[in-house]
Amino acid sequence: MRGFSRASQAGAMILLVLAVIAIAAPWIAPHDPLRTHLPDALLGPSAAYPLGTDQLGRDVLSRLIYGARISLSIGFIAVGIAIAVGVAVGGLAGFAGGWADAVLMRLVDTMLSIPTIFLLLAIIAFIGPGIYVIMAVIGLTSWMGVARLVRAEVLSLKEREYVLAARAIGASSWRVLTRHVLPNAMAPVIVSATLGVGGAILTESVLSYLGLGVQPPMPSWGNILNEGRVALGVAWWLTVSPGVCILITVLAFNLLGEGIRERFRG
Amino acid sequence: MTGYLLRRTALLIPVALLVTVISFGIMHLAPGTPTDAASFNPKVSLEARQRMAALYGLDKPLRVQYAAWLGRIARFDFGRSFVDDRPVTEKIIERLPVTLVINIASLLLIFLIAVPLGVRSAAQPGGAFDRWTTLLVFLGYSTPSFWLALLCMAFFGVQLRWLPVSGLHSLDADGFGLLHQWLDMAWHLLLPIGIAAFVSLAGLSRYMRSSMIGVLRQDYIRTARAKGLPEHRVLYQHALRNGLLPLITILGLSLPDLIGGSVIAETIFSLPGMGRLFYDAVMARDYPVIMALVTIGALLTMLGNLLADAAYAVADPRIRVGGRE
Amino acid sequence: MRVWRWVLVVALTVLPVVPAFPQSEPVTGDALVVGSIGDASRLLPILASDSASGDIVGLLFNGLVKYSPQLEIVGDLAESWTVEQGGLVLTFTLRPNLRWHDGAPVTAEDVRFTYQKLIDPAVRTPFSSSYELVESVEVPDSRTIRIRYKEPFSPALESWMMGIIPKHLLEGQDLNTTPFLRHPVGHGPYRFVRWKTGELIELAANPDYFEHRPWIDRYLYRIIPDQATMFLELLTAGVDLSGLTPLQYQRQTDTAFVQRAYQKFRYPSFGFTYMGYNLADPRFSDVRVRRAINQAIDKQAILDGVLFGLGAVATGPYPKESWAYDPSVVPAAYDPPAAKALLAEAGWEDRDNDGWLDKDGQPFRFTLLTNQGNEVRRQVCELVQEQLKTLGIDVKIRVLEWATFVHEFIDKRRFEAVLLGWSLSRDPDLYDLFHSSKTKEGEYNFVGYNSPEVDALLIQGRQTFDQAQRQTIYHQIHRRLAEDQPYTFLYVADALPIISSRFRNVVSSPIGIGWNMIDWYAPSREQRYRRMSR
């Protein structure tokens, strides 16, 4: 992997390991993450429970492993939604110009002006918290940055020779946009996406703190952390371990994203 | 260029209005009324609940309610909060100072740390200092801030007793002299500001770094070095001036965010700021407060975006509306 | 030499006795710092609908009567009262020389003014319904109040625990927006000093309080919105008094430090947690199904697991300490096989061997709704889900934000089952919860319970003033509710206050620990906060 700093390579490795863990969860997790066993509540790390148990006697390690699935899928799908919408809006705005650009950018302004917390609370209050709602909501509130990025790239690419050449030989606007312009505008989008997954995972943990995240008994790193918060004095492992998981994962995404950015900048 | 800016400015008000209409709609779409939370109590009869709803004007159709609100806004009257019947303006002015102090202080702190870090890193890209600083700022960026806050609170506040656990003032603070009061408040804000800064260092320091790297490649820097000037003079006297310019733009653009408070930080540290004001208002369906904050926020955000686009347009001639000007 | 020997003897005799004289004489001084999750909103008794406002208002204003530590109704501002004509007329006599904090006398006119504002349609008070049966309030002299009711209403006595508000300061003002709401003038043991919104409310001892000046000089109400932070503040003595969660009580307050520096108390709270069924749903309208579920839920296990045993299993709507509680009601035994048999009788069996009970081809599956923000309740839901799973019933849990929950699901009866709690007043009247007429949208019999027998008993209970008669009636209601199971009554949780051990005279009672707050004091040597000047 030439051109990538060691830090970003480390980030990539961590994410690979994480992906494997998440996919192989049913085989690696030592216990059923949902099974409560009250006599074993709040035990410290031991051979049977490597990272201890929570207040209902569930194994923390198993919950963290399954939580990786939840947190990663929220991250990827939310970012996927954000990218899809952002590229569409930004690409169209930059390429079409004129009033389409003006309207779409005012749409971006409008979305940016509505406070995210407000949207999140209102939508989640209306529909009820749940993993799909969270993915959609995070995605639909973070596409605006991507749109502006894409628009800026498209605006500068629009005047390049190969684009002008393509138009000169009569290629339709749509073809020019999708075949020539957008693919070359992807570099900052990829960076943004990589960083965005980390951001989505952090947002999920914030939503869990507010009580609007993934609902138990389904484990997510955010809600394990939130449940463990109040038991800090007596069960430090409940707070420290999910926090460390989030930290390492988001760090890995950030390092990787930065590495990609450096690579493309050349 | 000026035509573009004028058009954008003219659109500011209509778009702001659009935002208020959408927000008004979302607010009322979210189920529940201001009276629900407080009145789910067998002592509060159905008639009492209905009567209270009527007294808030909640039984009128939405268009009428919105029109009434708009009329008041035009007179700069933001109405009274549903939660305690105080004028919304009063509630906002009460909370603004804390948020401003925290935001400005952490911005300054970030600036003071990020600039030297960025400059040093740029002097030797890829070097040891650069790599360790990168790791450090990224660590900050990747940490869930409320988790860090809790751990710091437990360690510095409970374990070591060096810092207060939460709050803005000591309990006996009103008996202190003015200087003592200020110091007391600073002591209480050490942790919130410190954590807020640590978590946001990455953005500015990375930007500073790349900006400086660009500057250091310039010919006049090579000239300065060739003339035999000591490295730190090259860096701080010659390069920094030009590297700092885009940074100032960035700082200027974060102006609208200054009045936004982090509800998480304010909840954990028991600080009465704008973040909690908004969150509590949404949870309690305090419509006047919600609409006031959304409107102010919207205007400031759009102003900020306008300034951002103007700055980029000035900086990068390729990005002018329509491609050619 | 002999002199010194005598001195030694005397010294040795006296010295050991000296520490045995506890510094038991109360002294003034110090401050009590109380932690609260929420800030107050309106400091006027008739408008104080949130608990923080209620806490403060309770120290600034008194009612005509109050509850004694043993849960009997005794005089507060009133020194005596009579119940005449079978309850149609209540006459209160105020104590002499009662004064507002500004020096003006508290008179019967203030009581009448309070009543007028309670039923004033322009005042946004949620408490008007308790006073709707009042026909008139007469004030024959400055210390007598005669209240006539349209019909006998025994919960009325409790309704006169409402704080009395000052006519001379509030007459002619719009009570919804008066500045008084933020600068109240009361007559209670503490007077208002200042309110830093979102941070702190400060009260100071009232030297002219009719019982006696409280020993503790100041009462500081600190607003700390986060539970975890509140506990850390407790550990660093930033807060002297707060409530503990069961986890904190049981597992986090066992260190030597905490045991030395704090006193913990527990007493049953007045309320209960339950699972309510939508009785209009054909599955739950069959009483056998409800009884079966009652037998299939191991309430003791839930109590032990979620609350660490800090509470009591509930068999009905009253805690054991209430005089309305019928001790002859036996809790249903935890008996899953019997539950399964009862369900089979009602037509529910696992005919397709998929692990779930079914009937007419439909598996037994329902959604249990609860409100967001309550960790304990959510854990109870998860345990109920697991216990019913072994029975063969598939329970889905859905957590909803409170206002949404009330507005969209409870008021509109769009639920199958809910897990909620009621926090009740001590008068056992449950008319609003269980009478068949209280089923309109927005009313509290949202399960739809309809029992003519209980209806009649409820009406009888609230029209009788004879305590012995009332007790018989409410015992019967308890028994009927336990048989009919409109709710599965789960448990009554304990309240778990913790207070710094420097405060003496803190005594627990059925009504809690705050009943004698004015008698609490901290010995001079242990006081933490500076004295007041007066």
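Conventions we followed
Residues numbered from 1 in each chain as written. Chains lettered and ligands numbered in written order. Predicted model: local features only at pLDDT ≥ 70, side-chain atom pairs only at ≥ 80, totals over all residues. Pairing = 2+ DSSP bridges. Helix = DSSP H or I, 4+ residues; strand = E, 2+ residues; numbered from the N terminus. Axes fitted to C-alpha atoms, helices over the stretch in contact; angles between N-to-C directions. Contact = placed C-beta atoms within 7 Å. Nonpolar A, V, L, I, M, F, W, Y, C, P; charged D, E, K, R; others polar. Expected span 1.5 Å × (residues − 1). Buried ≥ 20, exposed ≤ 12 C-beta atoms within 10 Å, placed from the backbone. pLDDT = per-residue confidence, 0-100.

A. Representation of the sheet that holds strand 4 (residues 78-84) of chain C in the model. Residues and elements named next belong to chain C. Across the sheet, four strands lie side by side as 4-5-7-6; this open sheet has antiparallel pairing. Two strands close off the open sheet at either side, each with one partner strand: strand 4 and strand 6 (134-141). Averaged over all adjacent pairs, the angle separating strand axes in this sheet is 15°, with direction ignored. As defined by bridge partners, strand 4 adjoins strand 5 (residues 89-94) across six bridges and the pair is classed as antiparallel. When the sheet's bridge partners are listed, Ser80 is paired in strand 5 with Thr93. Of the strands in this sheet, strand 5, strand 6 and strand 7 (144-149) touch helix 3 (residues 108-118), which is tilted by about 165° from strand 6.

B. Layout of the interface of chain C and chain B. Taken together, the contact between chain C and chain B spans 43 residues of the former and 41 residues of the latter. Elements with a contribution of two residues or more to the side of chain C that touches chain B: strand 10 (216-223), helix 6 (227-235), helix 13 (402-410) and helix 14 (431-434) of chain C. It is helix 13 of chain C that contributes the most residues to the side of chain C that touches chain B, six residues altogether. Looking at the side of chain C that touches chain B residue by residue, the classes come out as 17 nonpolar, 15 polar and 11 charged.

C. Seen up close, helix 7 (residues 143-157) of chain A. Its 15 residues place the ends of helix 7 of chain A 21 Å apart at the C-alpha level, agreeing with the 21 Å of an ideal helix rising 1.5 Å per residue. Inspection of helix 7 of chain A places Trp143, Met144, Val146, Ala147, Arg148, Leu149, Val150, Arg151, Glu153, Val154 and Leu155 of chain A among the buried residues, and these make up the whole buried set.

D. Representation of the pairing of strand 10 of chain C within the structure. All names here are of chain C. Along strand 10, seven of the eight residues are buried, which leaves the element largely enclosed by surrounding structure. Of the strand pairs in this sheet, strand 9 (residues 200-205) and strand 10 are connected by five bridges, and their pairing is antiparallel. If you follow Leu200 over to strand 10, its bridge partner there is Arg222.

E. Quick peek at the interface of chain A and chain B. Tallying the contact residues gives 37 residues for chain A and 39 residues for chain B. Secondary structure elements with two or more residues in the side of chain A that touches chain B: helix 4 (98-113), helix 5 (116-127), helix 7, helix 9 (173-209), helix 10 (221-229) and helix 11 (236-265) of chain A. Here the side of chain A that touches chain B gets eight residues from one element, more than from any other, and that element is helix 11 of chain A. Residue composition of the side of chain A that touches chain B, by class: 23 nonpolar, nine polar and five charged.

F. Quick look at the confidence of the model for chain C. All names here are of chain C. Per-residue pLDDT for chain C has a mean of 90; in total, 95% of the residues score no lower than 70. Long-range and interchain partners of residues 17-21, a stretch whose pLDDT sits below 50, account for zero contacts in this model, where long-range means more than four residues apart. Predicted complex metrics record ipTM = 0.85 and pTM = 0.87.

G. Region of the structure containing helix 6 (residues 131-140) of chain A. Where helix 6 of chain A is concerned, the buried positions are Ile134, Met135, Val137, Ile138 and Gly139 of chain A. Among the structural elements, helix 3 (60-96), helix 5, helix 7 and helix 9 of chain A are those in contact with the buried residues of helix 6 of chain A.

H. Region of the structure containing the pairing of strand 20 (residues 417-423) of chain C. Residues and elements named next belong to chain C. With seven bridges joining them, strand 14 (residues 271-277) and strand 20 adopt antiparallel strand pairing. The residue bridging Thr273 from the neighbouring strand is Gly421, located in strand 20. Judged from the two bridges that link them, strand 18 (residues 365-371) and strand 20 form a sheet pairing that is parallel. Looking at strand 20, one finds that Leu369 is bridged to Val418.

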